[in-house]
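The residues making up each chain are set out below.
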Amino acid sequence: MSDNSNYKRLVKLASYAAISAALLMLLFKGFAWYVTGSATLLASLSDSVFDMLASLTNLIAIRIALTPADDNHKFGHGKAEAIAGLAQSAFILGSCVLLVLHSVEKLGQTSTSIAFPVWGIYASLFSVLVTGILIIFQSWVVKQTNSLAVKADSLHYRSDLLMNTGVLVLFSLVAFGYQGFDGWFAIAIAIYLVSGAWQILKLSVNALMDHELESHVVEQITQQISQVQGIKGFHDLRTRDAGHTWFVQCHLEIDKTLPLEQAHAITTNAELALKQRYPKIEVILHQDPV
Ligand SMILES: [Zn+2]
Ligand SMILES: [Zn+2]
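Calculation notes
- Residues numbered from 1 in each chain as written.
- Chains lettered and ligands numbered in written order.
- Predicted model: local features only at pLDDT ≥ 70, side-chain atom pairs only at ≥ 80, totals over all residues.
- Heavy atoms only, no water.
- Donors = N, O, S within 2.8 Å, 3.2 Å for Na, K, Ca; no water.
- Helix = DSSP H or I, 4+ residues; strand = E, 2+ residues; numbered from the N terminus.
- Buried < 20%, exposed > 50% of the residue type's maximum accessible area, 1.4 Å probe, protein only.
- Pairing = 2+ DSSP bridges.
- Axes fitted to C-alpha atoms, helices over the stretch in contact; angles between N-to-C directions.
- Contact = heavy atoms within 4.5 Å.
- Expected span 1.5 Å × (residues − 1).
- Domains from an automatic or database assignment.
- Buried area = accessible area lost by both parts, 1.4 Å probe.
- Polar contact = N/O pair within 3.5 Å; in protein donor to acceptor, adjacent residues only side chain to side chain.
- Core = buried A, V, L, I, M, F, W, Y, C linked by side-chain atoms within 4.5 Å.
- Patch = residues over 30% accessible without salt bridge, like charges linked within 9 Å, V, L, I, M, F, W, Y side chains within 5 Å.
- Areas by Shrake-Rupley, 256 points an atom, 1.4 Å probe, with all protein chains shown as cover.
- Salt bridge = Lys/Arg side-chain N within 4 Å of Asp/Glu carboxyl O.

Quick notes on the coordination of the zinc ion (ligand 1)
Protein-derived ligands of the zinc ion (ligand 1) are D47 (OD), D47 (OD), D51 (OD), D51 (OD), H156 (NE2), D160 (OD) and D160 (OD), with the metal-ligand distances lying across 1.9 to 2.7 Å. Here the donor residues of the zinc ion (ligand 1) share one chain and are spaced in sequence as D-x3-D-x104-H-x3-D. On the criterion of helical spacing, the pair formed by H156 and D160 is a turn pair, its members being 4 residues apart in helix α5 (residues 148-175). Overall, H156 belongs to the partly exposed group, its relative accessible area being 25%.

Structure, rendered in structure tokens:
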């Protein structure tokens, strides 16, 4: 129990750290964008806005998703996260369209000059530093908790490190007198944002559309069921991923001369075998006499 509360405390702490880091970067980048007028900074600023919103909605969605099943939602609330993911990706994709339009406009201008490039350098150096500290902290939390959510978040900030370094490169170029790359760097960042949003969209739609579990998991389940003693065969295996719970249903073929008590025991064995392998599975089995 205390282990569990420690887990929750650390994962929450990691979310708050990510939100604070994103907020700090957002403020600094916002100021630097205002001063320099750079499209690349605007793109990088958008990333910080999305990161902060993502961490905030995740905090809320996870809280809802983890509430136990109730009378109105007897299969649990696992899809809350998928709905949040859908909203997030729609928001990011929409903003990226605007970003690209803005960047293309910059490409068309023959003399795009960035004012006070030194503020761009400060902002990106600051972002690299803050992101670096955040990643170190997240790695520590992952070591303590093995949390998948924090791991995924940390992975994102690792690529953000690259993005912030890219912004630093752009402003160094500008400082040395090489203008005209702003639009291109901004478009590159927009593509980076779209690819991230696409991943979130895919996972969310899969959960909402009751996509089958990954094929290697289904294969494992098939093996697990066929290894249970007394099961002569099975058919109509169906699986679906509902976020925090995986639902598996299937028809077992059991010797028709067996007493109900034994047939029931065989079914329970199959259920236990699956649950042992995948704790987040919920199994619904039907017996066919053969
Ligand atoms: Zn980011
Ligand atoms: Zn059947």
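Moving on from the coordinates now.
Re the sheet that holds strand β1 (residues 231-241)
Pairing is mixed across the open sheet formed by 3 strands, whose spatial order is β1-β2-β3. Each having just a single partner strand, β1 and β3 (281-289) make up the two edges of the open sheet. Neighbouring strand axes in the sheet, compared pairwise and without regard to direction, differ in orientation by 15° on average. As paired strands, strand β2 (residues 246-254) and β3 are joined by 9 bridges and run parallel to one another. Looking at β3, one finds that Q249 is bridged to I284. Here helix α8 (residues 260-277) sits on the sheet and contacts β1, β2 and β3; the angle it forms with β3, its principal contact strand, is near 150°.

Here's the deal with α5
The first and last C-alpha atoms of α5 sit 41 Å apart over 28 residues, in line with the 40 Å expected at 1.5 Å per residue. Of all the positions in α5, only V150, S154, Y157, D160, M163, N164, V167, L168, L170, F171 and V174 are classed as buried.

Focus on the domain arrangement of the chain
For an interface, size is often stated in terms of accessible area lost upon the parts coming together. Looking at the assigned domains, one finds that the chain contains domain 1 (2-208) and domain 2 (215-289). Centre-to-centre separation of domain 1 and domain 2, based on C-alpha positions: 41 Å. Listed by partner, the interface residues are 8 residues for domain 1 and 6 residues for domain 2. Across the domain 1/domain 2 interface, buried area totals approximately 570 Å², and carbon plus sulfur atoms make up 58% of it. Remark: the boundary between domain 1 and domain 2 carries 0 residue pairs in polar contact (both at pLDDT 80 or more). Secondary-structure elements contributing two or more residues to the side of domain 1 that touches domain 2 are α2 (39-66) and α6 (182-208).

With respect to the nonpolar core
One finds I92, L99, Y157, F171, I189 and L193 to be the most contacted residues of the largest nonpolar core, which totals 36 residues. Counting only elements with at least two residues in this core, the list comes to α1 (2-36), α2, α3 (80-108), α4 (117-145), α5 and α6. Looking at this core, the element that brings in the most residues is α2, giving 8 residues. The residues contacting F171, other than those within four sequence positions of it, are T36, S38, L41, I114, P117, G120 and I121. Judged by nonpolar contacts, the second largest core, of 21 residues, contains V217, V248, C250 and L252.

A look at a nonpolar patch on the surface
A cluster of nonpolar residues, F176, Y178, F181 and W184, forms a patch on the protein surface that exposes about 540 Å² of accessible area. On the secondary structure map, Y178 appears in the loop between α5 and α6.

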